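Chain and residue survey
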Amino acid sequence: MRKTHFIITEAISRLAKQQKPRFKVRIYCLFFLVSLSACVSSATQAEQLTAAIAANFAGTIKQLKPLFEHESGHRLITSFASSGTLFAQIHNGAPFDVFLSADEQRPQQLIRDGLAIADSSFIYASGKLVLWSSQPELIDPQGNILRDGLWQEKGIHHIALANPKTAPYGRAALQTIETMQLVDTISDYRVTGQNIAQTFQFVASGNAQLGFIAQAQLLALPESERGSYWRVPKEMHSPIQQMAVMLNRGRENSAAEAFLNFLQSPQAQSIIRARGYR
């Protein structure tokens, strides 16, 4: 639309320069009408959508949002929480148009429940789990601080993870602990965040010396603030497949459709990969 308007106005401008003064007034009136029409058309086409987004994707969406709004003309309103919390809010009638979950199960359940559109779902990112400390050199790259029980020798009092019942990254963290056969050993030291964002804050503030977070959260930090970390092998937990789906409220919203299309574009996917997702 903007490109077409530019071409038309350029043509009118060149035509005006070639005319006698008495015809220029008519031509510039035409220019005004074309500009007014473009503004009205743009305002009519622009819409707003509200997206329920898993907390781990907050940093990435902040980078994607201005690009989407600039390219589409639509406005994106975001709401962040754990996937389980957002799922419950959707069931209770929260006014969301699209849902970006940190797992596949909840969007698929919403489809079965008749609250989301079946053929709209897709995987927009695959998450990676890391064990993180804000303290440099505390965690070794192989994760031996957990495997060999070194965390007790180093005086670790709290190990944070997101609520496994509502946060997919918390579930992956618990599966990792189970794989390492450390559930009973760590139980008295575990602190649980409502979501992955709160878990990150526990570690960043020093209230927990260790914590399982999303790799995307780690990479969002300046390199000098990344402390030490262990990239958890993907074989130690179920895949973190993050699925997007259009909810019933977004069915007739062109902004919702445009946003889901944008997420699958090469430009958006390149940014998502750069932020630490598979």
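The structure contained in this document is the topic of the report that follows. Numbering of residues starts from 1 in each chain and follows the order in which that chain's sequence is written. At least 70 in pLDDT is required for a residue's local features to be given in this predicted model, at least 80 for side-chain atom pairs to be given and counted, and no such filter applies to totals for whole chains, interfaces and linings, which use all residues. Think of the side-chain values as coming from all heavy atoms in the structure, minus any hydrogens and water.

Examining the environment of L260
Note that L260 resides in helix α12 (residues 254-263). Overall, L260 belongs to the buried group, its relative accessible area being 4%. Separated by 15 residues in sequence, L260 and V245 have C-alpha atoms that sit 8.0 Å apart. Only DSSP runs of H or I with at least four residues qualify as helices, and only runs of E with at least two residues qualify as strands; both kinds are numbered from the N terminus onward. Relative accessible area decides the class of each residue, using a 1.4 Å probe on protein chains only: under 20% of the type maximum gives buried, over 50% gives exposed, and in between gives partly exposed.

Quick look at the sheet that holds strand β3 (residues 98-100)
As summarised here, the arrangement of the five strands in space is β2-β1-β3-β10-β4, forming an open sheet in which the pairing is mixed. The strands lining the two open edges of the sheet, one partner per strand, are β2 (75-81) and β4 (122-127). Strand-to-strand, the axes of this sheet are offset by a mean angle of 20°, without reference to chain direction. Note: strand β1 (residues 48-54) against β3, three bridges, orientation parallel. Residue I53 lies in a different strand from β3, and its bridge partner there is L100. In the packing of helix α5 (residues 105-112) onto the sheet, the strands contacted are β3 and β10 (240-246), and the crossing angle to β10 comes to about 35°. The rule for pairing is simple: two strands pair if DSSP sees at least two bridges between them. Between N-to-C directions, angles cover 0 to 180 degrees, with each direction set by a line fitted to C-alpha atoms, over the stretch in contact for helices. In what follows, a contact means two residues having at least one pair of non-hydrogen atoms within 4.5 Å.

Structural notes on the nonpolar core
Side chains of nonpolar character tend, in soluble globular proteins, to be buried together. What is meant by a nonpolar core is a set of buried Ala, Val, Leu, Ile, Met, Phe, Trp, Tyr and Cys residues, joined one to another through side-chain atoms within 4.5 Å. By size, the foremost hydrophobic cluster in this structure holds 58 residues, and its most contacted members are F57, L64, L100, L146, L210, F212 and F259. The residues contacting L64, other than those within four sequence positions of it, are F57, F262, L263, A268, I271 and I272. Counting eleven residues, the second-largest nonpolar core is a separate cluster that includes F87, I90, F96 and L110.

Quick word on the environment of A88
Inspection of the secondary structure puts A88 in helix α4 (residues 83-91). Sequence spacing of A88 and R106 is 18 residues, and the spatial spacing of their C-alpha atoms is 9.7 Å.

Focus on the pattern of salt bridges
Any Lys or Arg side-chain nitrogen located within 4 Å of an Asp or Glu carboxyl oxygen qualifies as a salt bridge. Considering all chains together, one arrives at three salt bridges under this definition. We note a salt bridge from R249 to D97, for which the minimum N-O separation is 3.0 Å. Taken as a pair, R249 in the loop between β10 and α12 and D97 in the loop between α4 and β3 lie far apart in primary sequence, 152 residues in all. By relative accessible area, R249 is classed as partly exposed at 48%. Using a relative accessible area of 3% as the deciding quantity, one classes D97 as buried.

Structural notes on unusual backbone geometry
Of note in this structure, E137 is not a glycine but carries a positive phi near 65°. Mapping E137 onto the fold places it in the loop between β5 (129-133) and α6 (144-147). For E137, a relative accessible area of 75% translates into the label exposed. In this structure, Q181 takes a positive phi of about 55° despite not being glycine. Assignment of secondary structure puts Q181 in the loop between α8 (168-179) and α9 (183-186). Taking relative accessible area as the criterion, Q181 reaches 71% and is therefore assigned exposed.

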